[in-house]
Amino acid sequence: MRIVLVGPPGAGKGTQAAYLAKNLSIPHISTGDLFRANISQGTPLGVQAQEYMRAGRLVPDEVTIGMAKDRMHQPDAEQGFLLDGFPRNLAQAEALDAILKQDGLRLDAVLDLEVPEDEVVKRIAGRRICRNDSSHVFHVTYNQPQAEGVCDACGGELYQRDDDREDTVRKRLEVYHSETEPIIDYYKAQGLVVTISALGKVAEVTQRAMEALPSR
Ligand code: AP5
Ligand code: ZN
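Just so it is clear, the model here is predicted, and its values are computed rather than measured. (Residues numbered from 1 in each chain as written. Chains lettered and ligands numbered in written order. Predicted model: local features only at pLDDT ≥ 70, side-chain atom pairs only at ≥ 80, totals over all residues.)

Draft legend 1. Spatial organisation of the site of ligand 1. Taken together, 36 residues surround ligand 1, and among them Pro9, Gly12, Gly32, Gly85 and Arg123 come closest. Looking at the shell around ligand 1, its residues break down into 13 nonpolar, 15 polar and eight charged. (Near = placed C-beta within 6 Å. Nonpolar A, V, L, I, M, F, W, Y, C, P; charged D, E, K, R; others polar.)

What follows is the structure, encoded as structure tokens:
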């Protein structure tokens, strides 16, 4: 299965992707996590991405598309993948179509997570992520770790993401509406979009997603 996850910042894409990828036996590919790993390793790509991420803006397409393409061509992604945070504008969606076409492949579905804006603001305000791996995600009230400030998955220290400050969140939501939302119509025209509500408990949303996705 080749699936794209789309939804506003804080919708729960990363949280759901972890469960869905496991259920579907495909890798979870998050461009945000790839950028954060590059930042913590101090790579040139990380240095380049950091200033855009801090400002809540998109990292330039030429950087992002190349990185996503390399990751999709890793051996573990041969049987499929769950893309989280990519594509994020029409140019990236067209580039993804071109990459897949070149490989003789196509997307199976685009899963659109719908959440009202006041809820995403609450989710982002309480989010804490792991220093060792930014895909280990918790929430101070909705998804508490067993020990305060400590990652359940690896024991790492939990902290608040740099771009989760209120002014940056506002910018990220603006960028989502202006640049990312148009890709939903692009994929609707291809008959790929499945929209579900991302409200409710994490496990309820996962079940809703599993029921909504095409079986294959
Ligand atoms: P990225 O890391 O992709 O951030 P995002 O899209 O803004 O999404 P988030 O990670 O904020 O939220 P999420 O939907 O994954 O929610 P989560 O599961 O954590 O991108 C960051 C930046 O990188 C971008 O701004 C950009 O600069 C750059 N970038 C990345 N990709 C790019 C691209 N393709 N092109 C250009 N630039 C790119 O959940 C949120 C919180 O809610 C958590 O605390 C969680 O525990 C909690 N939660 C989850 N589900 C529930 C639930 N059901 N009920 C209650 N709480 C819940
Ligand atoms: Zn961890």
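So much for the structure itself; the text now carries on.
Draft legend 2. Examining the confidence of the model for the protein chain more closely. When the pLDDT values of the protein chain are averaged, the result is 96; 100% of them are 70 or greater. If you check the scores for this complex, the pTM reads 0.96 and the ipTM reads 0.97. (pLDDT = per-residue confidence, 0-100.)

Draft legend 3. Summary view of helix α1 (residues 13-24). The end-to-end C-alpha distance of α1, which contains 12 residues, comes to 15 Å, matching closely the 16 Å that a straight helix rising 1.5 Å per residue would cover. All of the buried residues in α1 are Lys13, Gly14, Thr15, Gln16, Ala17, Ala18, Leu20 and Ala21. Two residues or fewer after α1 comes Ser25, characterised by a positive phi angle close to 55°. (Helix = DSSP H or I, 4+ residues; strand = E, 2+ residues; numbered from the N terminus. Expected span 1.5 Å × (residues − 1). Buried ≥ 20, exposed ≤ 12 C-beta atoms within 10 Å, placed from the backbone.)

Draft legend 4. Region of interest: the sheet that holds strand β2 (residues 28-30). The strand order across the open sheet built from five strands is β2-β3-β1-β4-β8, with neighbouring strands paired in parallel fashion. Every interior strand has two partners, whereas the edge strands, β2 and β8 (193-197), have only one. Ignoring which end each strand starts from, the neighbouring axes of this sheet average 25° apart. Where strand β1 (residues 2-6) lies against strand β4 (residues 109-114), four bridges are found, and the strand directions are parallel. Bridged to Ile3 within β4 is Ala109. (Pairing = 2+ DSSP bridges. Axes fitted to C-alpha atoms, helices over the stretch in contact; angles between N-to-C directions.)

Draft legend 5. Representation of the UniProt feature "domain: Adenylate kinase active site lid" (unreviewed entry) in the protein chain within the structure. As recorded in UniProt, the feature "domain: Adenylate kinase active site lid" (unreviewed entry) lies at residues 127-163. Helix and strand shares over residues 127-163 are 0% and 24% respectively, and the end C-alpha atoms of the span are 11 Å apart. (UniProt positions renumbered as here; feature names shortened; annotations may be inferred.)

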